[in-house]
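# Inside the fold
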Amino acid sequence: MSLNRAPENHVFYRNQNWHYPKIQRGEGVYLFEENGKRYLDACSGSAVANIGHGNKEIAEYAKEIMERIAFTHLSRFTVDTIEACAKKVSDWTPGSLNHVYFVSGGSEATETSIKLARQYFVERDGGSSSKWKIISKWNSFHGNTMGAMAMTGITGRKKIFDPMTVQFPKIPQFYHYRNPWGCETLEETSIRCAEALEAEILRQGPENILAFISEPVVGSAAPGIHPHPVYFQMVREICTKYDVLWIDDEVMAGFGRTGKKMAIDHYGDFVPDILCVAKGMSCGYTPIGAAVASDEIFNTIMVKGSGSFHHGHTYASNPLSTGIAHKVIEIIERENYVENCALQGDDLLRKMETLYKYPIVGDVRGKGLMLGIEFVRDQKTKTPFEASAKINAIVTAHCLEEGIVPYPGSGSADGVRGDHIQITPPINISKEETSELFEALEAAIKKTCDEVL
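Residues numbered from 1 in each chain as written. Predicted model: local features only at pLDDT ≥ 70, side-chain atom pairs only at ≥ 80, totals over all residues. Heavy atoms only, no water.

## Some thoughts on unusual backbone geometry
This is how the line gets drawn: Runs of E in the DSSP output that reach at least two residues are strands. Runs of H or I that reach at least four are helices, and both are numbered from the N terminus.
Positive phi outside glycine occurs at Ser 317, with the angle close to 60°. Tracing the backbone through its elements, the reader meets Ser 317 in the loop between helix 8 (295–303) and helix 9 (319–334).

Laid out in structure tokens, this is it:
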């Protein structure tokens, strides 16, 4: 039975059991409730508001575009803002990822990527191509549309929709803290995870495998976990060997969030075939996402093939959204926010690693300002709390009391148990604001220990 805590109005809220304080405005890294209470936005919404709130330069530029053009459909027209944004995005993506298909968000981006992958093989090999399966991983999240959900490896988010969803094969995540092999080093865990990909391709038959999708740094499913660089070296080799496309999901990790332009840049010169982006491309100032395709995929379909991608959304390549995204990326470049993210992220991670003195803190991890904390009942055995304890909700409530907003999650240990929070503040956060965030976070964790132990 619902607790019916949501406001009584005409909004279909996501969770009727939450009370939803009303935010009146945002300024920089802060949110202000209508009663005046201030929160440091320690998760940027959901790693979206990456350059903070209230940017007047973006607002003024958006007004200019709106006064000039409302909407055009990409099936008939192009606009300068669309072309400029595509060029800017391709400048940020590695290797031959030069062809940007704009959509309205992250789920559309990953959904687009698998349709793009399927059409690539049909155009290359003919309509009889048997490639259709996507290999993804447990403890992964790729979106909430039906195709994206089929790739998602969080059982709790998809269980009731299972009868309607394709059951794509899953392999273990590079989740060193809970690796199933008892590996002692991240490198060893990463190697075993890559070997699991090859084994699953062979089990399913390479002729049936369309693509493999992976986040380079995991977001809400198990925030902050990441592999040793050997992992993506092996992934690239395995995918090439078996004629499988590699899809890099950077919906959350892209555009500076991890202290690099793209998170895949942490791992060497290994280039995926398709890269999915959203959130940080516009930093919340407009809905937008994209699937960025390699020269090989684009040329096979659009130059040597039919010349038409069988896919489309009304607001794909919206002139206003692409213009705003271009302006956002320009600001990130001009203000050196990627470098700031790396610097502040290293500092915050070092501080967060001191939280192991609290017995409920099991694992602290991350890259840049894409950080996570996993909570456990027993540090030594890594035993999670029972789901009924709702530890992530308790931690979140105490964080809000202390004036910071984390992003809570659950199910990371076994699909049901496993509490964690994601810490992803705006990438332009200052050293002083980072210290404020940490002090409030520590106070919230101490309060939680006092309450539950």
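Right, picking up where we left off after that structure.
## Quick notes on the sheet that holds strand 4 (residues 97–103)
Basically, it comes down to this: At least two DSSP bridges between two strands are required for those strands to pair.
The strand order across the open sheet built from seven strands is 4-10-9-8-7-5-6, with neighbouring strands paired in mixed fashion. The open sheet has two edge strands, strand 4 and strand 6 (170–171), and neither has a second partner. Note that strand 8 (residues 245–249) and strand 9 (residues 274–277) share three bridges and pair parallel. Within the sheet, the bridge partner assigned to Asp 249 lies in strand 9 and is Cys 276.

## A closer look at helix 9
Stated precisely, the cut-off is as follows: For a helix, the expected span equals 1.5 Å multiplied by the residue count minus one. Categorising residues by exposure relies on relative accessible area from a 1.4 Å probe, with only protein chains included: less than 20% of the type maximum marks a residue as buried, more than 50% marks it as exposed, and the intermediate range marks it as partly exposed. Any pair of N or O atoms that falls within 3.5 Å is considered a polar contact. Within protein, one atom must be able to donate a hydrogen and the other to accept it, and sequence-neighbouring residues count only if both atoms are side-chain atoms.
With 16 residues, helix 9 extends 22 Å between its outermost C-alpha atoms, agreeing within 8% with the 22 Å of an ideal straight helix rising 1.5 Å per residue. The buried fraction of helix 9 is high, at 13 of 16 residues. Of the residues that open helix 9, the one with a side-chain oxygen 2.8 Å from the backbone nitrogen of Leu 320 is Asn 318.

## Some points on the pairing of strand 2 (residues 30–33)
Alternating residues of strand 2 divide into Tyr 30 and Phe 32 and Leu 31 and Glu 33, and every residue in both groups is buried. Direction of pairing for strand 1 (residues 23–27) relative to strand 2: antiparallel, over a ladder of four bridges. Paired with Arg 25 across the bridge in strand 2 is Phe 32. Hairpin connection between strand 1 and strand 2: a loop of two residues separates the two successive antiparallel strands, and Gly 28 in this loop has a positive phi of roughly 60°.

## Observations concerning a nonpolar patch on the surface
The test is simple: To count toward a patch, a residue needs a relative accessible area over 30% and no salt bridge; like charges are then connected within 9 Å, while nonpolar side chains (Val, Leu, Ile, Met, Phe, Trp, Tyr) are connected within 5 Å. All accessibility values rest on the Shrake-Rupley procedure with a 1.4 Å probe; residue burial counts only the protein chains present in the view. Only one rule defines a salt bridge in this text: a Lys or Arg side-chain nitrogen within 4 Å of an Asp or Glu carboxyl oxygen.
On the surface, Met 146, Ile 160, Phe 161 and Met 164 cluster together into a nonpolar patch covering about 430 Å² of accessible area. Counting through the fold element by element, Met 164 comes out in the loop between helix 5 (146–151) and strand 6. Here Met 164 falls in the exposed class, since its relative accessible area comes to 60%.

## Section: the layout of surface pockets
We count it as follows: Method remark: on a 1 Å grid restricted to protein atoms, a set of points is classed as a cavity if a 1.4 Å probe fits but cannot get out and as a pocket if it is open with protein on both sides within 12 Å along at least five of seven lines; lining residues have an atom within 4 Å of a point. Grid points are joined across faces, edges and corners, and a volume is the space filled by probe spheres set on the points. All residues other than Ala, Val, Leu, Ile, Met, Phe, Trp, Tyr, Cys, Pro, Asp, Glu, Lys and Arg, Gly among them, are scored as polar; the first ten of these are nonpolar and the last four charged.
What the second largest pocket holds in volume is close to 500 Å³. In terms of lining, the second largest pocket is formed by 22 residues, of which the most central are Leu 74, Val 100, Tyr 101, Phe 298 and Met 302. Elements with a minimum of two residues in the lining of the second largest pocket: helix 3 (80–92), strand 4, strand 10 (289–294) and helix 8. Take the lining of the second largest pocket: its biggest share by element is five residues, from strand 4. Partitioning the lining of the second largest pocket into residue classes produces 14 nonpolar, seven polar and one charged.

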